[in-house]
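# Structure assessment
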Amino acid sequence: TPHGRPCFAAPVGRGTTADPITPGGVRPFVKVCELDELRRHGDRVHVLLGDRHVSLINHGGEVYCLDSLCYHAGGPLGIGDIEDVGGRACLSCPWHLYKVTLESGEKLYGSTRLDEATGKLIPDGIKSAGVRQRTHEVEKRSDGWYVRLRLDGPNVESDKYACNDVPGIAKGRKVRDWSAEGPLVRV
């Protein structure tokens, strides 16, 4: 918790969060960047929404948003390479090479099993360890890209690092305007 306050809140009901942005209400979509900033495959934008670091990534024409810092040890996941793991697009954390799906935030790993005949471990396919990285809603509008933080539901492991400053992510633009109608204020 930076500055002694949590960067995410416990849920108070479906589609709502109790947080300093929209206390007790439905969280709005917030404009985070212009359309042309995420127009090409591979484009990325790192944003600080309140105290939470998130990354928007264009991969194959789809734009995804997830917590920027890795659930495992707080590394700069949002700047990691994108790899195909079992047919799914994953960010590879540059610190420990953990694989996290862009779409759902699941941790994927190469499973092994014991071969009874040889007594050796052999590959047993790609498995999911479940959701470890929080993902957020992205909406493309005529005037830019918008994000709505998904903070309801159970805690996700990336929550514990989402507000830390890490080189490569800490310089993300800060969005200070939380009103749905107000102008985008970036610093």
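These notes cover the structure that comes with them.

### Notes on the nonpolar core
V32, L38, V47, L49, L56 and V147 are the most contacted members of the largest nonpolar core, which totals 15 residues. Contacts of L56, omitting those with residues within four sequence positions, involve V32, L38, D43, R44, V45, V47, V63, Y64, C65, V138 and V147. With 10 residues, the next largest nonpolar core counts Y64, L66, L91 and C93 among its residues.

### Some thoughts on the state of the cysteines
Under the definition given, this model contains zero disulfides. C33 takes part in no disulfide bond, and the closest cysteine sulfur, belonging to C65, lies 9.6 Å away. Residue C65 is classed as buried on the basis of its relative accessible area, which comes to 2%.

### Description of the environment of H136
Summarising the element assignment, H136 is placed in strand 12 (residues 135-141). When its relative accessible area of 4% is taken as the criterion, H136 is described as buried. In the structure, H136 is positioned 12 residues away from R148 in sequence and 6.1 Å away in space, judged by C-alpha atoms. Each residue touching H136, except ones within four places of it in the same chain, is listed here: R52, V54, C65, L66, D67, V147, R148, L149, R150 and L151.

### Some details on the side chain of Q133
In this fold, Q133 is placed in the loop between strand 11 (120-131) and strand 12. Only 2.9 Å separates the side chain of Q133 from the backbone oxygen of D67, close enough to count as a polar contact. With residues up to four places along the chain from it excluded, the contact list for Q133 reads L66, D67, L69, C70, Y71, L77, V100, S104, G105, V156 and S158.

### Thoughts on the packing of aromatic side chains
Counting across every chain of the model gives one aromatic pair. Arranged with centres 5.8 Å apart and planes meeting at 65°, the rings of Y71 and Y98 form a pair that is edge-to-face. Linking Y71 in the loop between strand 6 (62-67) and strand 7 (81-85) with Y98 in the loop between strand 8 (88-92) and strand 9 (99-101), this pair joins segments that are 27 residues apart in sequence. What makes Y71 buried here is its relative accessible area of 4%. When the ring centre of Y146 is taken as origin, the NZ or CZ atom of R141, which lies over that ring, is 4.1 Å away.

### Here's the deal with the pairing of strand 11
Summarising the sheet, strand 10 (residues 106-115) and strand 11 pair through eight bridges and their orientation is antiparallel. Counted as the bridge partner of G110 is I126 from strand 11. Counted along the chain from strand 10 to the antiparallel partner strand 11, the turn is four residues long, and its residue G119 has a positive phi close to 75°.

### So, the sheet that holds strand 10
What the five strands build is an open sheet, ordered 7-8-9-10-11; its pairing is antiparallel. Strands at the two margins of the open sheet, each flanked by one partner only, are strand 7 and strand 11. Here the average twist between neighbouring strands, direction ignored, is 40°. Across three bridges, strand 8 lies against strand 9 in antiparallel orientation. In the strand pairing of strand 9, C90 is matched with T101.

### Observations concerning the environment of D165
If you trace the backbone, D165 turns up in the loop between strand 13 (144-148) and strand 14 (173-175). C-alpha of D165 to C-alpha of G75: the two residues are 90 residues apart in sequence and 9.8 Å apart in space. Of the polar contacts made by the side chain of D165, one reaches the side chain of H53; its length is 3.0 Å.

What counts and how
Residues numbered from 1 in each chain as written. Predicted model: local features only at pLDDT ≥ 70, side-chain atom pairs only at ≥ 80, totals over all residues. Heavy atoms only, no water. Core = buried A, V, L, I, M, F, W, Y, C linked by side-chain atoms within 4.5 Å. Buried < 20%, exposed > 50% of the residue type's maximum accessible area, 1.4 Å probe, protein only. Contact = heavy atoms within 4.5 Å. Disulfide = S-S within 2.5 Å. Helix = DSSP H or I, 4+ residues; strand = E, 2+ residues; numbered from the N terminus. Polar contact = N/O pair within 3.5 Å; in protein donor to acceptor, adjacent residues only side chain to side chain. Phe/Tyr/Trp six-rings, centres within 6.5 Å; stacked < 30°, edge-to-face > 60°. Lys NZ or Arg CZ within 6 Å of the ring centre and 35° of its normal. Pairing = 2+ DSSP bridges. Axes fitted to C-alpha atoms, helices over the stretch in contact; angles between N-to-C directions.

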